[in-house]
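Okay, here's what each chain looks like letter by letter:
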Amino acid sequence: YIYLKLYVLRILLIMSIKLYNTLSREIEEFKPIKRGLAKVYSCGPTVYNYAHIGNLRSFLCADLLQRVLRVVDGYNVTWVMNITDIDDKTIKSVNDYSAWKPEMGEMTGNIKENLKKFTQYYKEEFLNDIKKLGIEKKHFSEMPCATDYIEQMKGLIVKIGNNGFAYESQGSVYFNVGKWREADKYGKLKNIDFENFRSGERVDSDEYEREQVSDFVLWKAKKENEPSWELDFDGKTLVGRPGWHLECSSMEYEILGLPFDIHTGGVDLQFPHHEDEIAQSKAGYGVEPTNYWFHNEFLQVEGAKMSKSAGNFFTLRDLTQRGLDPIDIRFAMLSAHYRSKYNFTFADVEAAGKSRKRIQRYVFDLINNSDGHEYIDVTSFSEQFFKNLQNDLHTPKALGELFTFINNNSPYVVGKNSRMELLEFFEEFNEIFGILTFTVPDEDIPEEVVTLANKRLEAKKNKNFDLSDMLRIEIQNRGFLVKDTVDGYEIEKL
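Overview of the structure. Keep in mind it's a predicted model, so treat the numbers as computed, not measured.

## Regarding the nonpolar core
Formed by 133 residues in total, the largest nonpolar core has its most connected members in F344, F426 and F429. A total of 11 residues in this core trace back to one element, the largest contributor, which is helix α2 (residues 53–71). Excluding its chain neighbours within four sequence positions, the residues that come into contact with F429 are I359, F385, L399, L402, G434, I435 and L436. Among the nonpolar cores identified, the runner-up in size contains 11 residues, and V449, L452, A459 and L471 belong to it.

## Quick word on the state of the cysteines
Scanning the model with the defined rule gives zero disulfides in all. Here C145 is not disulfide-linked; the sulfur of C248 is the nearest cysteine sulfur, at 12 Å. Looking at C145, the relative accessible area reads 6%, which means it is buried. The thiol of C248 is not disulfide-bonded; the next cysteine sulfur, from C43, is found 3.9 Å away.

## A short note on the pattern of salt bridges
Two side chains that carry opposite charge are able to pair once their charged atoms sit near each other. Considering all chains together, one arrives at 27 salt bridges under this definition. Of the charged contacts in the structure, one is a salt bridge between R330 and D63, with a shortest N-O distance of 3.0 Å. With R330 in helix α10 (residues 326–334) and D63 in helix α2, this residue pair connects regions lying 267 residues apart in the sequence. Take R330 and D63: they sit in the same class, and that class is buried. For the salt bridge of D184 with K282, the shortest nitrogen-to-oxygen distance reads 2.8 Å. Of the two residues, D184 is situated in the loop between α6 (177–183) and β7 (202–203) and K282 in helix α8 (residues 270–285); the sequence distance between them amounts to 98 residues. What makes K282 partly exposed here is its relative accessible area of 26%. A single salt-bridge network, built from bridges that share partners, covers D63, R67, E136, K138 and R330.

## Notes on the packing of helix α12 (residues 378–390) against helix α13 (residues 395–408)
Put simply, α12 and α13 touch, their axes get as near as 7 Å, and they point 160° apart. For the element pair α12 / α13, the angle class is roughly antiparallel. Taken as a pair, α12 and α13 cross one another with a handedness that is left-handed. Of the residues in α13, those touching α12 at F381, Q384, F385, N388 and L389 are T395, K397, A398, L399, E401, L402 and F405. Among the residues forming the contact of α12 with α13, the class breakdown is seven nonpolar, three polar and two charged.

## Let's talk about the side chain of S281
For S281, the position within the fold is in helix α8. In contact with S281, other than residues within four places in its own chain, are S249, E252, L258, G286, V287 and P289.

## Focus: the sheet that holds strand β14 (residues 304–305)
Strand order in the open sheet formed by three strands is β14-β13-β15, and the pairing between neighbours is mixed. Of all strands in the sheet, those bounded by a partner on one side alone are β14 and β15 (342–344). Lying over the sheet, α2 contacts β13 (299–301) and β15, oriented at roughly 140° with respect to β13.

## Quick look at unusual backbone geometry
With an omega of -5°, the peptide bond running from L258 to P259 counts as cis. Secondary-structure assignment places P259 in the loop between α7 (246–256) and β11 (260–266). P272 follows F271 through a cis peptide bond whose omega is 10°. Inspection of the secondary structure assignment puts P272 in helix α8. For D392, which is not glycine, the phi dihedral falls at a positive 60°. Residue position: D392 is located in the loop between α12 and α13. Here K463, not a glycine, exhibits a phi torsion of approximately 60°, which is positive. Here K463 lies in the loop between α15 (447–461) and α16 (465–477). Relative accessible area serves as the criterion here: at 61%, K463 is assigned to the exposed category.

## Overview of the environment of R202
Secondary-structure assignment places R202 in strand β7. Beyond its immediate chain neighbours, meaning those up to four positions away, R202 contacts Y167, S169, Y174, S214 and D215. One polar contact links R202 to S169, side chain to side chain, over a distance of 3.3 Å.

What counts, and where the lines are drawn
Residue indices begin from 1 for each chain and proceed along its sequence in written order. Residue-level local features of this predicted model are given only where pLDDT is at least 70; pairs of side-chain atoms are given and counted only at 80 or more, and the full residue set underlies all totals for whole chains, interfaces and linings. Hydrogens are left out, water is left out, and the side-chain values use all remaining heavy atoms of the structure. In this description, a nonpolar core means a group of buried Ala, Val, Leu, Ile, Met, Phe, Trp, Tyr and Cys residues linked to one another through side-chain atoms lying within 4.5 Å. Categorising residues by exposure relies on relative accessible area from a 1.4 Å probe, with only protein chains included: less than 20% of the type maximum marks a residue as buried, more than 50% marks it as exposed, and the intermediate range marks it as partly exposed. Strands are runs of DSSP state E lasting at least 2 residues, helices are runs of H or I lasting at least 4, and numbering of each runs from the N terminus. Contacts are assigned to residue pairs with any non-hydrogen atoms lying within 4.5 Å of each other. Cysteine sulfur atoms that pair up within 2.5 Å are treated as a disulfide. One speaks of a salt bridge when a side-chain nitrogen belonging to Lys or Arg is within 4 Å of a carboxyl oxygen belonging to Asp or Glu. Here, axes are lines fitted to C-alpha atoms. For helices the fit covers the stretch in contact, and angles between N-to-C directions go from 0 to 180 degrees. Here is the rule for angles: anything less than 35 degrees is roughly parallel, anything more than 145 is roughly antiparallel, 65 through 115 is roughly perpendicular, and the remaining ranges are oblique. Whether a crossing is left-handed or right-handed is set by the direction in which the near helix is turned from the far one by less than a right angle, anticlockwise for left-handed and clockwise for right-handed. Each residue is assigned to one of three groups, with Ala, Val, Leu, Ile, Met, Phe, Trp, Tyr, Cys and Pro labelled nonpolar, Asp, Glu, Lys and Arg labelled charged, and all others, Gly among them, labelled polar. The rule for pairing is simple: two strands pair if DSSP sees at least two bridges between them. The term polar contact refers here to a pair of N or O atoms within 3.5 Å; inside protein, the definition further demands a hydrogen-donor-capable atom paired with an acceptor-capable atom, and it admits residues adjacent in sequence only when both atoms are side-chain atoms.

Spelled out as structure tokens, the structure:
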């Protein structure tokens, strides 16, 4: 019933989602390649350490996009996110004995086995992080690892070479940017200064200065303590491994087909990574990878660039150990527009938590209330709310509409029919924002105590027993006792 109502609502809106396309530098109406289907590819994590909150914002923005495509516009969404489990960073980390954890198992003399163990551990940690943030694994169609697509990457290199845009040098294979510029534009996503570009100047590292224009590596010659495979190229057998930029082009082609609809990622990936994707795909497969490039802006912490040296570098583990609720972090990040720089502050997350609880309390009051008699125009409100989301995912305007509505419409006066419509709206709202529950808690146990108990449970799962004990004492100080059970916990009044 809800989705039938949504279908009618979409007809009434007479518009579909509009997104800023980095390729055209304009906000465009989204037009899928296949009617009713949206194919989305997201650049995923490099699993050599815990993901930091800048990475996580990018994944939350992609999650918001696919949810709006599904819930508001009614698309079937095929969402693919890659896992980078081989690159300079992962190889450097896997060879660092001090970086190993007991949970990874013993290091062996086989670098490929070690790489698999090491990256699998951080892949699982990443999945745990996004689960806590409300990104649901069921929404992904696939989450492929780069090492599962080595053969496909080798095939793409050969295609690029056969088409005249790659060459071998000292056992490595490079993409010929100078030759490509004679055939097509290089610099479609970001204006590039080619004044100092010299054809044939090569860069071998996976990551480099973002203004450095050079021939980039497709296949890296074998080095000591690195995993390797064999590539037959231009009559030679080259022992080495693929470059980082190559994996996304291969996976997109194999899993989604080219072109697909939307490619997401942070603005830091525009150049060189995404620019190289475009060049590789077109040079090898003869087609652009995607029709819409969706980039979210940078994240700052307390007004400054996040860095370990500045002491403002945070993972989700760091923040939960400081007592922050992951769902409050989710709501705080989604409350800002994805194309604006987001200034992460502890005060902002605290304010987001209060706002979330305000919405939650309103929903509980609606569920518990059956005495109101006033007609409320829910349709006009919900239309405007969804229009704001369809306008380049403008969450600040949408949430502004919501809080204005809550302020002006007490849940205790809402009549029966309006009440049902409102509860349906909040179910749709939650399909997008993922911050609410519709199970009314025991009124004898304050929501704050339940929140503390949930944080304690997470602390125990993360083996942070000091924090767990602190939270247990805090709950006790509020007059309640938390008891561990097989399913989680129970709370009793003292």
